[in-house]
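The chain contents come next:
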Amino acid sequence: MTSAPVVTHGLTKRFHGGQVAVDAVDLEVPAGSVFGFLGPNGSGKTTTIRMLLGLIAPTSGEVELLGEPMPKAHLRVLPRVGALVEGPAFYPFWTGQANLLRFDAADRTADPKTRKARAGEALERVGLSNAAGKKVRAYSLGMRQRLAIAVALMQRRELLVLDEPTNGLDPQGTREVRHLIQELASDGTTVFTSTHLLAEVEQVCTHAAVMSRGKLLRQSTVEDLRAELRPRLVVRTPDAGTAAETLQGLGVTDLKTSGETVEGDPGELPIEKFAAALVAADVRIHGFGLERPSLEDAFVALTGEGFDVAE
Amino acid sequence: MSPNEATAEPTEALVAGQRPSAGRHTLALFLSELRLVFGRARTQVGLGVLAAVPLLIGIAVRIAGSDSGAEGFIGQIAGNGLFLIVASLGLSLPFFLPTAVTVISGESLAGEASLGTLRNLLTAPAGRSRLLAAKMVALAIFCLAATMTIWISGLIVGFILFPVGDVLLLSGSTVSLGEGLLRALGIAVVISLSLLGLAGIGLFVSSLTSTPLAAMAATFGTFIVLGILTAIPQLHAIHPWLLIYRWQSFADLLRDPPYWHEIGRNLLLQGGYLVVFYAAAWARITSRDIT
């Protein structure tokens, strides 16, 4: 398959109140990528995902999943897509296994003969085998989250669309889910995962898109996103004052001193020149180097805002 | 989607779907739906209450004895236990059965919406039209199960507590016990069909909201209003169009020969209500934003 598994053109959702939740979003998710859909709560991620899956109708714009138009082709497309939308939802009065069987039965392409076996495998994969016979009412939020992922894993999928898959998981569970995502991706499944956690994108994603207030600000590889920011020269020293003067003399701009740390934009000079100059000025150096900006910095640079809830 | 999108053909992506069995297991959702409705404690308790109706009536009649002066089907129970079935069905029709149908139908879509499971079903993908069909079929089967519960319970209790024998019909002639049971079975089926209009209303109301209780209340409210309208003589002009106006026609099955005219008009009316409200529910569910 040559086309991108997820493509949107001018995707827009305006709610009845007139509020524009998603504003002319053009997404293109490359095949085989782990695509981080990044943005603060309320930035339109879940609304976008609902439109991708045909749960809500766009006000305008188009969605293509696996090369076919949505929602028109949803009966053909969605069996090949595993989805977790907006938190886990189950029948609390049924066991985890019974819940899996029900959602699998809703897909008419799913083979009833292998249903139980596939449910068992999916539960095993998310570490819920021991809780398979327990009613979901007794599950913790983390267990429900795993069960929701198990629903997506009931079949071999070409695309996984996961909305905040690590939400509510403890650190161990979070690590396991990220590992699972990487494992699935290495099998060739394209993973589209939304998150408000930058660390998550840095750890598992090959590509990222940044949403803010309904608009798509950027999409690129995670590498490119970070590379856009110039690395910063960081010096740790008890002689911060002298160091700052010395660096300023060499043309370092945007200097900031806080306690024993001096940092700034090194410009075009090779880094060893700074080290030599600092030593020559008798600055005691405890730490010295270029720091690559984090994705969080990239995000702040893009949106001009912190990672709080967008109004 | 713009109209020219409609020309997009199923591309090689479909071929790459590697699911040779696509489209073969349509029934699975319907079976799963039945499991959902009948597996719930709420449904089982409801059916238990319906099963208790013949027991209560039977015990009451047994205690009161045959000279209680009761009229209608109840008056005949002491003489022939088979009438316990008919009396129980008749007495459940104005309240117990509609209540049960209201609860189950109100829950059907609103319950899934409130749990959030509607999202999972639609992304499975169940298909909105097929899901609605599965809900309606399960509702219809519930209606039948409800009346059959009374029929079976009435049969057991009636045969234990009272003498049984040939059945005296409304028109004065007598038929064998076997034919009497068959006619009582016909009554159960006619009554369950009589509930379909209400089930259709409940399904539609349930498609409007994400709060099952609100759907149940609205459906039951509608039922009460229809009952009040039916009881106001000045409104006789609209009576033939009211859902419950011909509900009592089931008794015509106890004439010789059975008098089909009223039953037929009742079933036609039920069918009309069902079609209208099912279509409305379909229009709603296929266009609704699922959140």
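Residue numbers run consecutively from 1 along every chain, following the written order of its sequence. For naming, the first written chain is A and the first written ligand is 1, with later ones following in the order written. Confidence filtering applies because this is a predicted model: local features only for residues at pLDDT of at least 70, side-chain atom pairs given and counted only at 80 or more, and all residues used for totals across whole chains, interfaces and linings.

**Observations regarding the overall build of chain B**
Here a strand is any run of E in DSSP of at least two residues, a helix any run of H or I of at least four, and the numbering for each starts at the N terminus. From N to C terminus, chain B includes 12 helices and 2 strands. Going from the N terminus to the C terminus, chain B shows its helices and strands as α-α-α-α-α-α-α-α-β-β-α-α-α-α. Viewed in the frame of its principal axes, chain B has a C-alpha envelope of about 80 × 45 × 35 Å. Buried positions account for 44% of the 291 residues belonging to chain B. Remark: residues whose backbone-derived C-beta atoms lie within 7 Å of one another are considered to be in contact. Here the analysis covers contacts within chain B between residues at least 6 apart in sequence; of these, 78% occur between residues at least 24 apart. Around each residue's C-beta, the other C-beta atoms within 10 Å are counted; 20 or more make the residue buried, 12 or fewer make it exposed, and counts in between make it partly exposed. All C-beta atoms are placed from the backbone.

**Details of the environment of B:Gly165**
All names here are of chain B. Within the secondary structure layout, Gly165 lies in the loop between helix H8 (128–161) and strand S1 (167–168). In this structure Gly165 comes out as partly exposed when scored by C-beta crowding, with 14 C-beta atoms within 10 Å. The sequence separation of Gly165 and Leu267 amounts to 102 residues, and the corresponding C-alpha distance is 31 Å. Apart from the residues within four sequence positions on either side, Gly165 is in contact with Asn80 and Leu177.

**Comments concerning the environment of A:Gly120**
Counting through the fold element by element, A:Gly120 comes out in helix H4 (residues 115–125). With 12 residues separating them along the chain, A:Gly120 and A:Ala132 place their C-alpha atoms 8.1 Å apart.

**As for the sheet that holds strand S8 (residues 159–163) of chain A**
Residues and elements named next belong to chain A. A pair of strands is labelled paired if DSSP reports no fewer than 2 bridges between them. Read across the open sheet, the 6 strands follow the order S7-S8-S9-S4-S10-S11; overall the sheet is mixed. The open sheet has two edge strands, strand S7 (81–84) and strand S11 (215–221), and neither has a second partner. Neighbouring strand axes in the sheet, compared pairwise and without regard to direction, differ in orientation by 10° on average. Pairing between strand S4 (residues 34–38) and strand S10 (residues 207–212): 4 bridges, direction parallel. Orientation is described by axes fitted as lines to C-alpha atoms, over the contacting stretch for helices, and by angles from 0 to 180 degrees between their N-to-C directions.

**Re helix H10 (residues 196–208) of chain B**
Every α-helical turn comprises 3.6 residues, leaving residues that sit three or four positions apart pointing alike. All names here are of chain B. To estimate how far a helix should reach, multiply one less than its number of residues by 1.5 Å. Relative to the 18 Å expected for 13 residues at 1.5 Å per residue, H10 spans 19 Å between its end C-alpha atoms, a close match to the ideal helical length. Across the 13 residues of H10, 12 count as buried, placing the element largely inside the fold. Inspection of H10 places Leu196, Gly197, Leu198, Ala199, Gly200, Ile201, Gly202, Leu203, Phe204, Val205, Ser206 and Ser207 among the buried residues, and these make up the whole buried set. Residues of H10 that are buried make contact with helix H6 (96–115), H8, helix H9 (177–194), helix H11 (212–231) and helix H12 (260–287).

**Topic: helix H9 (residues 240–249) of chain A**
All names here are of chain A. Restricting attention to buried positions, one finds in H9 the residues Ala243, Ala244, Thr246 and Leu247. Projected down its long axis, H9 carries its buried residues within an arc of 165°, all on one side. Exposed residues on H9 whose side chains face more than 90 degrees from its buried face are Gly241 and Gly249. The inward-facing, buried residues of H9 contact strand S12 (232–236), strand S13 (253–258), strand S14 (261–265) and helix H10 (271–280). The positive-phi residue at the C-terminal boundary of H9 is Gly251, with phi of around 95°. This arc is taken over the directions from the axis of the helix to the C-beta atoms.

**Quick notes on the UniProt feature "transmembrane region" (unreviewed entry) in chain B**
UniProt positions are given in the numbering used here, feature names are shortened, and annotations may be inferred rather than shown by experiment. UniProt's feature table lists "transmembrane region" (unreviewed entry) at residues 45–65, 77–97, 137–162, 182–206, 213–232 and 267–285 of chain B, given in the numbering used throughout. As annotated, residues 137–162 of chain B comprises 96% helix and 0% strand, and the C-alpha atoms at either end are separated by 37 Å.

**Quick notes on the confidence of the model for chain B**
Residue and element names in this part refer to chain B. pLDDT expresses how confident the predictor is about each individual residue, on a scale running from 0 to 100. The share of residues in chain B with pLDDT of 70 or more is 90%, and the mean pLDDT across the chain is 88. Low pLDDT, under 50, characterises residues 1–21; the stretch is placed with 24 contacts to residues that sit more than four places away or in other chains. Predicted as a complex, the structure gets a pTM of 0.85 and an ipTM equal to 0.84.

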